[in-house]
Structures are given as C-alpha cells and as structure tokens.
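The primary structure of each chain is shown beneath.
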Amino acid sequence: MKKNVVVIGYGGQGGWHADQILKSDVVNLAGVYDIKPERNELAESRGIKAYASLDDVLADDSVDIITVAIPNDVHLETVVKSLNAGKHVICEKPVEMSVENVDKMIHAARANGKLFTVHQNRRWDVDFLAMKQLKESGEIGKFLNIESRIHGSRGIPSDWRCEKAHGGGMILDWGVHLIDQMLQLFPEPIESVYCETTNYTKTECDDGCKIVLKISNGSRIYIEVGTYNFLPLPRFYLQCEKGSAVIQDWREECQVAKLKAWNEKDVVPVETASGITKTMAPRDEITLDTYSLPRPKSDVHEFYRNFVKAIDGEEEQIVKHEEIRRVMHVMELCFKSAELGQVVPFDELEPIK
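Residues numbered from 1 in each chain as written. Predicted model: local features only at pLDDT ≥ 70, side-chain atom pairs only at ≥ 80, totals over all residues. Heavy atoms only, no water.

Caption draft 1: Expanded view of a nonpolar patch on the surface. Judged by side-chain polarity, Tyr200, Tyr228 and Phe230 come together as a nonpolar surface patch covering roughly 410 Å² of accessible area. Look at Tyr228 and you get partly exposed, because its relative accessible area is 45%. (Patch = residues over 30% accessible without salt bridge, like charges linked within 9 Å, V, L, I, M, F, W, Y side chains within 5 Å. Areas by Shrake-Rupley, 256 points an atom, 1.4 Å probe, with all protein chains shown as cover. Salt bridge = Lys/Arg side-chain N within 4 Å of Asp/Glu carboxyl O. Buried < 20%, exposed > 50% of the residue type's maximum accessible area, 1.4 Å probe, protein only.)

Below, the structure written as structure tokens:
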C-alpha cells in the first residue's frame, strides 16, 4: 500500500519532491505546507492540497511521512516535532550544522519508533555511479587519488543560502553531497582533513571550498566546489594503480585508460615548448588500453522505494544514521580547518548512545 507524504516547504527543492512524489509508485502526495501564503496558493493552483499549518499536518492521522525541505537552521525543530507526532521523516541535506543536533534528531526517531533519514540524492548521480562501478570492479586497481569537482559561475543563489545564520555556503550546500559520495567509496578510517574556503562573490558565507581527506589506506580524496569558475575542470579525475579515468562533465561517459605494461623498449621523445622529453611522452596502444564506460542506469525513485520498504521492515534504509553523522562530522572539521588554516586530525565519532 502506498504511503502518504506531506512536503514541508514548497520552494525549489520542496517543489521537486512534490513533483517526484506525484510520479512515484510507492508514495502519494497528501499535500504541502509552506510558511509563505503565496507558495501554498501556488500549490493549490496546481491541484495540490495546502495545509493551513504544520500542526494541521501533524494532526492528520492519514499522513505517514514528512519530507522537510526548508532552510537548514529550522530543520531540527521541524524534524523533532514531526517525529514526536509519530511521523516518519525525510530531511533535506544538509540535515543540520552540528553532530550534536543530528543526534537529537536520531534520539527523537528512536524514542518514537519512527524512521528518520536524509535525502542524499546524489548517490544516484550517474557520474558517481561510474566511479563506484570502477571501484567495485577493481579493473584499474586501487584508488590512489580521486578528485571530485562541481564548478559553476553564478555565485550563491541570492536567498537564505548565502546567509550564515540559515546555514548557507557551499560546504553545506554542495560539499555535503561530494563528501557523502566519497565516504560511500571509502569506508576506511579518515586520518586528516584540510579545507580552504573562498569568498569571491560573498563575504558572509563560503562561495567555494577545497577539501583534502587523507585515508588510512594511503588514498587521497580531493573535493572542490566553485561558484566562480567560467571554465570548469573535470567532474571526476581518478588515478589508480593500473590506470586513470576521467569524467569531463556529468552528462558524459567515463573515459578509462588501463595500463597493460609499464615499460616500453623504445620511448620516442616528444617536443614540448623549447625542448624534448621522454618523461612526458604519451603512451600508445602497446602499453595502454583506452575505452569508455557506458553511463550506469539510475532511478531517483529508488530513494522513496527504499524508505517505504524500510518502514515496512523489508529493507534497511539506504542513508543510515552513522553515515549521516560521519558526513556532518567531516563538515564540522572542514570549518575548523578553514578557520585555523591548517590540517586537522580526524577523530572518529563514538557510536550514538
């Protein structure tokens, strides 16, 4: 039986959730609620029920799930209130701005016997799934260095996302996605975190960030978010023991170069600038295979399908509490590193009690 969902916040992301729910095979859109009357009026003009208040939503016994899509600084109050009212809750990312407040949400879920999760939808991005496929297949060996970038050129949207009090800035907006993706690829302990932030277009919040995570197995993760890049760098660049891979843009296939043999008998020098070099001479088909990976298949509806099955006890929820806490902890340490201007050690969180 389908579950009934109400979306709290009918802005950009809340509207996206409502549209997806209307197309879903596992949930019904029971309605929306927004503190702005004009947003409720817009919903009603589209044939969607608009509740008069959050209390009216929570008093409706037919509502099974609350999806929270409002500014970051008011997530905690709304999530906990919804859980205490006996609703299952999906919260938009970033779930909060501290592990302490994340734990309050988790405690409320446990106390009420309800499910709580975060909408980490970028786990279904096909570019990330290509990286995951390469990791799991082992076809070009151990990941030595992975670089994950998102570049735009329009700055931060001129709304609450550029206001610190509301949890604005790119670490919390896009960094959270890229960190979550990388921690899915690297479950090993993290040794250290380093972060630099930029303020090219805004002074109150970071409009970009550069993050380095050192992993205990010797791997390095580099994450970069930029909003003032008019010529973007590749979405992913990967160095492995047996080759390299690159995705120039999330709309393109992954290009792979797989090493067949390290040494060549006779390397022909190439002329570069004002001299010649063997070191930087390109490889040929004798030692290297180059090919494209077909774009993996993805279905964003799997998020809600999984959550419904988890409610019914048929599956474990995909975005788990320990993962939510760990991503939040990395972001906290990013802010600390940026403030101090230095590498900070990563202290693994104690399990939540």
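Still more to cover.
Caption draft 2: Quick look at helix α4 (residues 75–84). Those residues of α4 lying buried are His75, Leu76, Thr78, Val79, Ser82 and Leu83. For α4, the secondary structure elements touched by its buried residues are β1 (3–8), α3 (54–58), β3 (65–68), β4 (88–92), α5 (99–112) and β5 (116–119). Two residues or fewer past α4, Gly86 is found with a positive phi of approximately 85°. (Helix = DSSP H or I, 4+ residues; strand = E, 2+ residues; numbered from the N terminus. Contact = heavy atoms within 4.5 Å.)

Caption draft 3: Expanded view of the environment of Ala261. Structurally, Ala261 is set in the loop between β12 (254–259) and β13 (270–272). Separated by 27 residues in the primary sequence, Ala261 and Leu288 have C-alpha atoms spaced 7.2 Å apart. For Ala261, the residues in contact, after removing those within four places along its chain, are Arg283 and Thr287.

Caption draft 4: Focus on the nonpolar core. Judged by nonpolar contacts, the single largest core of 94 residues is most densely connected at Ile66, Phe116, Met131, Leu134, Ile146, Leu238 and Cys254. Considering each element in turn, this core owes the most residues, 10 residues, to helix α7 (residues 170–185). Sequence-distant contacts of Phe116, defined by excluding residues within four places in its chain, comprise Val79, Leu83, Val89, Cys91, Val95, Met105, Ile106, Ala109, Gln317 and His321. (Core = buried A, V, L, I, M, F, W, Y, C linked by side-chain atoms within 4.5 Å.)

Caption draft 5: Examining the pairing of β1 more closely. Here β1 lies mainly inside the structure; 5 of its 6 residues are buried. Remark: the β1/helix α1 (residues 12–22)/strand β2 (residues 27–33) crossover connection has right-handed handedness. Bridging between β1 and β3 involves 4 bridges; their strand directions are parallel. From the neighbouring strand, Val7 faces β3, where its bridge partner is Thr67. (Right-handed = clockwise from strand over helix to strand, strands pointing away. Pairing = 2+ DSSP bridges.)

Caption draft 6: Seen up close, the pairing of β2. The buried fraction of β2 is high, at 5 of 7 residues. Judged from the 6 bridges that link them, β1 and β2 form a sheet pairing that is parallel. Residue Ile8 lies in a different strand from β2, and its bridge partner there is Tyr33.

Caption draft 7: Looking closely at the sheet that holds β2. Ordered in space as β2-β1-β3-β4-β5, the 5 strands form an open sheet in which the pairing is parallel. The outermost strands of the open sheet, each flanked by one partner alone, are β2 and β5. Taken pair by pair, the neighbouring strands of this sheet meet at an average axis angle of 25°, ignoring direction. Both β4 and β5 contribute to a ladder of 4 bridges, which runs parallel. Residue pairing in the sheet places Ile90 in a bridge with Thr117 of β5. (Axes fitted to C-alpha atoms, helices over the stretch in contact; angles between N-to-C directions.)

Caption draft 8: Representation of the sheet that holds strand β10 (residues 236–240). The strand order β15-β12-β11-β10-β6-β9-β8-β7-β16 describes an open sheet built from 9 strands, whose pairing is mixed. Edge positions in the open sheet fall to β15 (288–293) and β16 (344–345), since each of these has one partner strand only. The sheet contacts of helix α6 (residues 126–137) involve β6 (143–151), β10, β11 (243–247), β12 and β15, and relative to β10 the element is tilted by about 5°. Packing against the sheet, α7 makes contact with β6, β7 (190–198), β8 (208–215), β9 (220–226) and β10, and its axis sits at approximately 155° to β9.

Caption draft 9: Fine view of unusual backbone geometry. Going from Lys93 to Pro94, the amide bond is cis rather than trans, its omega being -15°. In this structure, Ala273 is a non-glycine residue whose phi angle is positive, near 50°. Under the relative-accessibility criterion, Ala273 is labelled exposed at 82%.

Caption draft 10: Expanded view of the packing of α4 against α5. At a minimum axis distance of 9 Å, the contact between α4 and α5 shows a crossing angle of 5°. When the axes of α4 and α5 are compared, the pair comes out roughly parallel. On the side of α4, the interface is formed by His75, Leu76, Val79, Val80, Leu83 and Asn84, while α5 contributes Asn101, Lys104, Met105, Ala108, Ala109 and Asn112. Along the lines of polarity and charge, the residues of the contact of α4 with α5 split into 7 nonpolar, 4 polar and 1 charged. (Parallel < 35°, antiparallel > 145°, perpendicular 65-115°, else oblique. Nonpolar A, V, L, I, M, F, W, Y, C, P; charged D, E, K, R; others polar.)

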